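Survey of secondary and tertiary structure
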Amino acid sequence: MKLLFAEDEKFTREGVLKSVAWERLGITELREAVDGLEAVAIAEQFKPDIVLTDIRMPRMDGIELAFHLRRKYPQCKIVFMSGYADKEYLKAAITLKAVSYVEKPIDIEELEDALQGAITIILEEQRHVANDTVAKENKSYMKQEAALQLIRGGYEDDILRSRLLAADFTAPLHAPAATVLIKLVSPKPSKDKLEIMLDSALAPSDMPYLYAWKDENHVIIHFFSLQQDVLESSSLQHMCYELSSALKQEFSLFSIAAGSIAASAKKLQESYTSAVLRLQESFFHKPCTLILHDNRGSDALSQHYQAQLEHFNRFTEALIEENFDAVLQLLTAITSDIRQHPGTLIVSVKELYYRFLLEMDKFAQSRNITLFDTSAENDVAWKLILECHYLDDIHRVMTLKLEELKRALKERTAGGMTSTSSRIVRYIHLHFAEDDLSVQDVSDHMQMTASHLISIFKESTGKTIKQYVTEYRMEKAKDLLRNNRLKVLDVASQVGFKDGEHFAKIFRKSTGMTPSEYRERCQL
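Values in this document were obtained by computation on a predicted structure and should not be read as measured data. (Residues numbered from 1 in each chain as written. Predicted model: local features only at pLDDT ≥ 70, side-chain atom pairs only at ≥ 80, totals over all residues. Heavy atoms only, no water.)

**Points about the sheet that holds strand β4 (residues 77–82)**
Taken together, the five strands give an open sheet; going across it, the order is β2-β1-β3-β4-β5, and neighbouring strands pair in parallel fashion. Each edge of the sheet is formed by a strand with only one pairing partner; in this case those strands are β2 (29–33) and β5 (100–103). Going across the sheet, the axis of each strand differs from the next one's by a mean of 15°, ignoring polarity. Bridge count for β4 against β5 is four bridges, and the pairing is parallel. Along β5, the bridge assignment pairs M81 with V102. Helix α3 (residues 36–46) contacts β1 (2–6) and β2 of the sheet and is inclined by roughly 155° relative to β2. With respect to the sheet, helix α4 (residues 62–72) is in contact with β1, β3 (50–54) and β4, its orientation differing from that of β4 by roughly 175°. (Pairing = 2+ DSSP bridges. Helix = DSSP H or I, 4+ residues; strand = E, 2+ residues; numbered from the N terminus. Axes fitted to C-alpha atoms, helices over the stretch in contact; angles between N-to-C directions. Contact = heavy atoms within 4.5 Å.)

**Overview of the packing of helix α21 (residues 465–481) against helix α24 (residues 515–523)**
When two helices pack together, their arrangement is captured by the angle between the axes and the distance separating the axes. Two elements in contact, α21 and α24, have axes separated by 9 Å at closest approach and are oriented at 55°. By the angle class used here, α21 and α24 are oblique. In the packing of α21 onto α24, the handedness of the crossing is right-handed. Between α21, through K478, L480 and L481, and α24, the contact on the second element is made entirely by P515, Y518 and R519. Across the contact of α21 with α24, the residue classes break down as four nonpolar, no polar and two charged. (Parallel < 35°, antiparallel > 145°, perpendicular 65-115°, else oblique. Left-handed = near helix turned anticlockwise from the far one by under 90°. Nonpolar A, V, L, I, M, F, W, Y, C, P; charged D, E, K, R; others polar.)

**Comments concerning the nonpolar core**
Ranked by size, the top nonpolar core spans 37 residues in total, and within it I338, Y353, F356 and M398 carry the most contacts. Elements with a contribution of two residues or more to this core: α13 (309–320), α14 (324–339), α15 (346–366), α16 (380–386) and α17 (391–414). Looking at this core, the element that brings in the most residues is α15, giving ten residues. The contact partners of F356, leaving out residues within four places of it in the chain, are H311, F312, F315, L331, I334 and M398. (Core = buried A, V, L, I, M, F, W, Y, C linked by side-chain atoms within 4.5 Å. Buried < 20%, exposed > 50% of the residue type's maximum accessible area, 1.4 Å probe, protein only.)

**Some details on the confidence of the model for the protein**
Of the residues in the protein, 90% reach a pLDDT of 70 or more, and the chain-wide mean stands at 85. When the criterion is pLDDT under 50, residues 295–301 qualifies, and its contacts beyond four places in sequence or with other chains add up to twelve contacts. (pLDDT = per-residue confidence, 0-100.)

**Quick word on the environment of A6**
One can find A6 in strand β1. Residues A6 and L319, spaced 313 residues apart in sequence, show a C-alpha to C-alpha distance of 45 Å. When neighbours within four sequence positions are excluded, A6 is seen to be in contact with A33, D35, A39, L52, T53, D54, M57 and L65.

**Section: the pairing of strand β9 (residues 253–262)**
Of all the ten residues making up β9, eight are buried; the element is thus mostly covered by neighbouring parts of the structure. Where strand β6 (residues 177–186) and β9 come together, eight bridges link them in antiparallel fashion. Residue pairing for β9: L181 is matched across the bridge by A257. Note that β9 and strand β10 (residues 289–291) share three bridges and pair parallel. Residue pairing in the sheet places A257 in a bridge with I291 of β10. Read as a crossover between parallel neighbours, the route from β9 over helix α12 (residues 268–281) to β10 is left-handed. (Right-handed = clockwise from strand over helix to strand, strands pointing away.)

**Points about helix α23 (residues 500–511)**
Here α23 is twelve residues long and its end C-alpha atoms lie 16 Å apart, about the 16 Å a rise of 1.5 Å per residue gives. Capping the start of α23 is the job of one residue whose side-chain oxygen sits 2.9 Å from the backbone nitrogen of E501: D499. Trailing α23 by a residue or two, G512 shows a phi angle of about 85°, which is positive. (Expected span 1.5 Å × (residues − 1). Polar contact = N/O pair within 3.5 Å; in protein donor to acceptor, adjacent residues only side chain to side chain.)

**Here's the deal with the packing of aromatic side chains**
Taken as a whole and judged by the stated rule, the model has 14 aromatic pairs. With centroids separated by 5.2 Å and ring planes inclined at 70°, the aromatic side chains of Y354 and W382 adopt a geometry described as edge-to-face. Of the two residues, Y354 sits in helix α15 while W382 sits in helix α16, which places them 28 residues apart along the sequence. Here the aromatic rings of F507 and Y518 are separated by 5.6 Å at their centres, their planes lie at 75°, and the arrangement is edge-to-face. Taken as a pair, F507 in helix α23 and Y518 in helix α24 lie far apart in primary sequence, eleven residues in all. Assigned by exposure class, F507 and Y518 land together as buried. Each residue in the set F312, F315, Y353 and F356 is aromatic and connected to the rest through ring pairs, giving one cluster. Its end group placed over the ring of Y390, K183 keeps NZ or CZ at 5.5 Å from the ring centre. (Phe/Tyr/Trp six-rings, centres within 6.5 Å; stacked < 30°, edge-to-face > 60°. Lys NZ or Arg CZ within 6 Å of the ring centre and 35° of its normal.)

**Digging into the sheet that holds strand β8 (residues 218–224)**
Taken in spatial order, the five strands of this open sheet run β7-β8-β6-β9-β10, and their pairing is mixed. Edge positions in the sheet fall to β7 (209–215) and β10, since each has one partner strand and no second. Across the sheet, the axes of successive neighbouring strands diverge by a mean angle of 15°, strand direction being ignored. Here β6 runs beside β8; their pairing, made up of seven bridges, is antiparallel. What sits directly across from V180, in β8, is I221. Running over the sheet, helix α8 (residues 139–152) touches β7 and β8 and is turned about 75° from β7.

**Comments concerning the pattern of salt bridges**
Scanning the model with the defined rule gives 25 salt bridges in all. A salt bridge links R13 to E32; its shortest N-O distance comes to 3.0 Å. With R13 in helix α1 (residues 10–19) and E32 in strand β2, this pair connects stretches of sequence that are 19 residues apart. A salt bridge links K286 to D392, with the nearest nitrogen and oxygen atoms 3.0 Å apart. Of this pair, K286 sits in the loop between α12 and β10 while D392 is found in helix α17, placing the two residues 106 residues apart along the sequence. (Salt bridge = Lys/Arg side-chain N within 4 Å of Asp/Glu carboxyl O.)

Structural data, given as structure tokens:
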């Protein structure tokens, strides 16, 4: 298997080349290019099976590169990488039949999964070509292959028509058609059982259709015009309602999204693209939702939710004050607001709630409570969010974790932990930005001796006050460094350091990198 890797950022390119297990994936030949123009030149001789490319590059970007490759090498599989959360790129990736879209900073495991998906498709296509004679004897299989070809492209019209005729499928491919996507979440779908269900729900209408499994959770259905009729929106909606009624008898969690009506089967990629975008919108609705294409097109998807810094501040302050009712009210309000912005990228929404979970975990650790393991090797917090299929699922996870935190805090208090340590932590959180903050300041505020204060805090949290203050300042510094507009010296000042060099030394000791290196890593 041959792969061409186009990436202009040297750090990212070298990191990916070094980290991905190429041989294990079955990639035996690998070439690299610094931009799209060089990639085009290499592809002329190399003729890659897979192209892994960044979207934004000088001279020729990844989108232009993909258009060029699609014209000359239609069977080449494309995997996009980008640090820019822009729906237009997602739409372009779908239109160009990219097999995957990996966001920066690159997660190597996620990237390897994307590459494995591309390899799987290639191997399947190779097997299909080799077994074409056998495939003609299996009508159901041929129809499903045709359904996938209609969204992948790179097929010859005459060959597709002959295969469909051999499978007794006679709908006119020059007439209007539309794609419907089904997402099946729970229970785990059975392919054989679903085929029977589809036939039972759709056959009575006499509307021609092809269906295929996109993956283990997604089903594609193409609806075609009858010989004497043109496909109407009302007919498509009726079929979707029939599907929904049938699925509700077997599935507790699913979504259905209808794409726009394409002028012909040749244009079904357009309908499929709009169906994909609509299916993303289902994340913001209740489970078992039916989302139909309407005249707004993708206008609704232009509305993006913008996270407010004020929300994070209020969230942190409410935790410090142990006002869990206020925390829950804030989460509920944010969830309600996000639901009104279905154009927001799902990964952005999940990252937002992940940050809230991390804030909860920081608060828990300050009380010597462990909510979950958030190490790089076993990031349970991220996995909890990542596995959520709907916005309601995420809100439920947040609520359960908040209740767990309340119970753990109550149990610690019942076990002998007084409110003294909570008051100490609250004072530190309110005054950490003061460069002259000292143990004596805290002890004066608490009206107790410094030695007694240190003993109580160490027993309750397992940390010294100095250690806790430093760790809290470093966490706040990380948050500020993600804002590229702030100078490192300003960040140091805002977290209680007069001396920028001393701040950099402490930060490096805590994180293993300088503040500038940390900021650069966050921007990848």
